[in-house]
Amino acid sequence: VLFLSLPLLLNPFQMIGQVFMVVDVPHHCDTSWIRAVGPNLTEEEQLNLTLPRDADGAYEQCSMYSPVDRDLGSIMAYGLNSTEKCSNGWVYPSAQPPSLLTEFDLVCDRKDLNDISQSIYMLGLLLGAMIFGPLSDRIGRRPIFLISILLQGLFGVGIAFVPHFYVYMAFRCVVGASVSGILITTLALATEWVGVSSRPKAVLISHCFVAIGQMLLAGLSYGIRNWRLLEIAGSAPIFAFFFYIRVLPESARWLVTKGRIEEAKKVLQKAASVNKRTIPPGLLEQVRLSFACSDSLAFCILKLKPETQTKSGSTLDLFRKKHLQKVTSIMSCAWFADSLVYYGLSLNVTSFGLDIYLTQLAFGAVELPARFCCIFLLQWFGRKKTQAVLLLLSGLMCLVITGIPEDQPVVTTVLAIIGKFTATASFSTSYVYSAELFPTVVRQTGVGLCSMSARVAGIMAPLIRLLGQYHRAIPMAIFGSAPVVGGLLCVLLPETRGTDLADNTGADAPQLSRSLEILSKRDTTEDGVDLEKDV
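All values reported here derive from a predicted model rather than from experimental measurement.

**Here we look at the overall build of the chain**
Move 1: Assigned secondary structure in the chain consists of 23 helices and six strands.
Move 2: Expressed as a percentage of the 535 residues in the chain, the buried residues total 55%.
Move 3: For the chain, the share of sequence-separated contacts (at least 6 apart) that also reach a separation of at least 24 residues comes to 77%.
Move 4: Total accessible area on the chain is roughly 22300 Å²; 62% of this is exposed by carbon and sulfur atoms.

Shown next, in the form of structure tokens:
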């Protein structure tokens, strides 16, 4: 779990780091054309002659007086009247470190490219879910995890050297796909290597590293204002994890479902060795998948029968089976709502009226208790109630924000932080809940499909922000409505607290496996082997 969690420290940088690379700065049109007729003009005189003023008396940032073929005396005497959009670029404060905004002129008519590029990154997350979800079910969790780390490192560092903004967006798309691959394989490996009661802990502890990464992002972006250096600082450390090639194990559960029994035995024997336990030879010879996991056992027991092989699942199974249809549809809606409100709040960090670095630090700090609290909420109240209530609360916070006046930034920020807390907890709950609802043979495919739904919401979130130019309340109203609907739908899902993971897509897949209860409650032997004692 520690190995799986460490790369997640860098994920917030890839997801939200761009917000700090496009911080708005004063700018105006480049009007150096007048220097040809007035080389001795001061800067203030140049601006006064060539830039119109807005209603507040400040210089317009996106328009200028049209250049004319007249001498300086005539211009000063009669002034300039016709205006046009900036045709020669923009001028920024000379002391401003290079940023995405200043280097690629993401202002005025090009301002929307900022949100569009965020949507392109989210498109990468969607493509990653589509590609890496099924692939990890087909070729394994471990190779996809390692490939994703490699891609994130290569293209993340590559972004720091791009010459054009469109190349930047293309590289961001690939980084997004790799981040998606890391997230969904982390979920699978974390849930498939631990027992029933430890599943939420394993997933949510790994998510706590995302929260820590959020806080690190605030400090990193505050200390490094040059966007290219910031990109390198946030991407290069991923290369430190290449030693995982030697130490990260494949999922024994996945190996068994693929009929690779001998490989499964080897990784289980290694687990037993690390835990200073021994596996009776007779137990490993019996084996076929039931994978009963007991909290009192040192690791998961595989009851395997070589003559029977679990049938591989496919995406179509999610829609053929009635119980999986319902699970897939509702969980996809829940993930969509989670993502929409989570990114809607995260990407609006510059719009709440307070210092963006302190706001980001608060957003990161609140994620840590949100993810940690999930461990207890899921055990005390179950998955279904927790998921539904958290979604409803996150939506309500956004809806309340729409009614707060603009001159109340503190109130708005506090409500946004509460919304971020509940949205984060809801997102973490969705990861655990989905992993328990989908059977092993289609778990990655199912989670990948839900992740695709979340990525569609992620693509939409930056574009929805553009609606704020018509009315500032429209984006928050949309961000708040979706989780309210998703929370109500979650009431229709089955509860999975205390159940064993299902392995096949049969009609009994969502039901509680009794093998765990039998193993954990009685001190019996099977074929003469005392399971509790020996394992």
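**Regarding the nonpolar core**
Move 1: In terms of nonpolar packing, the biggest core is built from 118 residues, with Leu100, Tyr168 and Met331 touching the most fellow members.
Move 2: Excluding anything up to four places from it in sequence, Met331 contacts Gln387, Ser430, Tyr433, Ser434, Leu437, Cys450 and Leu493.

**Some remarks on a nonpolar patch on the surface**
Move 1: Together, Leu2, Phe3, Phe243 and Val247 make up a nonpolar patch on the protein surface, roughly 330 Å² of accessible area in all.
Move 2: Mapping Phe243 onto the fold places it in the loop between helix H10 (227-235) and helix H11 (244-247).
Move 3: Its relative accessible area of 40% is what places Phe243 among the partly exposed residues.

**Points about the pattern of salt bridges**
Move 1: Taken as a whole and judged by the stated rule, the model has eight salt bridges.
Move 2: In this structure, the salt-bridge partner of Glu192 is Arg141, at a minimum N-O distance of 2.7 Å. With Glu192 in helix H8 (residues 165-192) and Arg141 in helix H7 (residues 141-159), this residue pair connects regions lying 51 residues apart in the sequence. As far as burial versus exposure is concerned, Glu192 and Arg141 are alike and both buried.

**Quick notes on the confidence of the model for the chain**
Move 1: Mean pLDDT over the chain stands at 79; residues scoring 70 or higher make up 85%.
Move 2: In this model, residues 288-309 is a region of pLDDT below 50 whose contacts with residues beyond four sequence positions or in other chains number 82 contacts.
Move 3: Across residues 507-535 the pLDDT falls below 50, and counting only partners more than four positions away or on other chains, this stretch makes 50 contacts in the model.

**Some remarks on unusual backbone geometry**
Move 1: Of note in this structure, Asp105 is not a glycine but carries a positive phi near 55°.
Move 2: As for its placement among the helices and strands, Asp105 is situated in the loop between helix H5 (100-103) and helix H6 (112-139).
Move 3: A positive phi is found at Lys276, a non-glycine position, where the angle reads about 55°.
Move 4: With a relative accessible area of 72%, Lys276 lands in the exposed category.

**Structural notes on the packing of aromatic side chains**
Move 1: The final tally for this structure, using the stated rule, is 17 aromatic pairs.
Move 2: Consider the rings of Phe241 and Tyr244, whose centres lie 5.5 Å apart with planes at 45°: the pair is tilted. Here Phe241 and Tyr244 have matching classes, each one buried.
Move 3: Grouped by ring-pair contacts, the aromatic residues Phe3, Phe145, Phe241, Phe243 and Tyr244 constitute a single cluster.
Move 4: Positioned above the aromatic ring of Tyr121, the side-chain terminus of Arg172 is 4.3 Å from the ring centre.

**Overview of the side chain of Thr412**
Move 1: Locating Thr412 in the fold gives a position in helix H19 (residues 409-437).
Move 2: When its relative accessible area of 11% is taken as the criterion, Thr412 is described as buried.
Move 3: If sequence neighbours within four positions are ignored, Thr412 has contacts with Phe352, Ile401, Ile404 and Pro405.

**Section: helix H3 (residues 43-50)**
Move 1: Taken together, the buried positions of H3 are occupied by Gln46, Leu47, Leu49 and Thr50. Along the axis of H3, the buried residues cluster in a sector spanning 165°; they form a single face.

**Here's the deal with the state of the cysteines**
Move 1: Throughout the structure, instances matching the rule amount to two disulfides.
Move 2: Each disulfide pairs two cysteine sulfurs, and for Cys29 the partner residue is Cys86, the sulfurs being separated by 1.7 Å. Looking down the S-S bond of the Cys29 and Cys86 bridge, the torsion is -60°, so its handedness is left-handed. Taken together, the residues span a long stretch of sequence, with Cys29 in strand E1 (residues 28-29) and Cys86 in the loop between strand E3 (83-85) and strand E4 (90-91) at a distance of 57 residues.
Move 3: Judged by its relative accessible area of 0%, Cys29 is buried.
Move 4: Cys86 gets classed as buried once you look at its relative accessible area, which sits at 14%.
Move 5: Between the sulfur of Cys62 and that of Cys108 lies a disulfide, 2.0 Å long from S to S. Every disulfide takes its handedness from the sign of the S-S torsion; for Cys62 and Cys108 that torsion is -90°, giving left-handed. Residue Cys62 is found in the loop between H3 and strand E2 (63-65), and its partner Cys108 is found in the loop between H5 and H6; the two are separated by 46 residues along the sequence.

**Digging into the packing of helix H16 (residues 322-346) against H19**
Move 1: Direction vectors running N to C along H16 and H19 enclose 150°, while the axes themselves pass 9 Å from each other. What the angle tells us is that H16 and H19 run roughly antiparallel. The two elements H16 and H19 cross, and the hand of that crossing is left-handed. Side by side, H16 and H19 meet where Val327, Met331, Trp335, Asp338, Ser339, Val341, Tyr342, Leu345 and Ser346 of the first sit next to Ala416, Gly419, Lys420, Ala423, Thr424, Ser426, Phe427, Ser430, Tyr431, Tyr433, Ser434 and Leu437 of the second.

Conventions and cut-offs
Residues numbered from 1 in each chain as written. Predicted model: local features only at pLDDT ≥ 70, side-chain atom pairs only at ≥ 80, totals over all residues. Heavy atoms only, no water. Helix = DSSP H or I, 4+ residues; strand = E, 2+ residues; numbered from the N terminus. Buried < 20%, exposed > 50% of the residue type's maximum accessible area, 1.4 Å probe, protein only. Contact = heavy atoms within 4.5 Å. Areas by Shrake-Rupley, 256 points an atom, 1.4 Å probe, with all protein chains shown as cover. Core = buried A, V, L, I, M, F, W, Y, C linked by side-chain atoms within 4.5 Å. Patch = residues over 30% accessible without salt bridge, like charges linked within 9 Å, V, L, I, M, F, W, Y side chains within 5 Å. Salt bridge = Lys/Arg side-chain N within 4 Å of Asp/Glu carboxyl O. pLDDT = per-residue confidence, 0-100. Phe/Tyr/Trp six-rings, centres within 6.5 Å; stacked < 30°, edge-to-face > 60°. Lys NZ or Arg CZ within 6 Å of the ring centre and 35° of its normal. Arc of directions from axis to C-beta. Disulfide = S-S within 2.5 Å. Axes fitted to C-alpha atoms, helices over the stretch in contact; angles between N-to-C directions. Parallel < 35°, antiparallel > 145°, perpendicular 65-115°, else oblique. Left-handed = near helix turned anticlockwise from the far one by under 90°.

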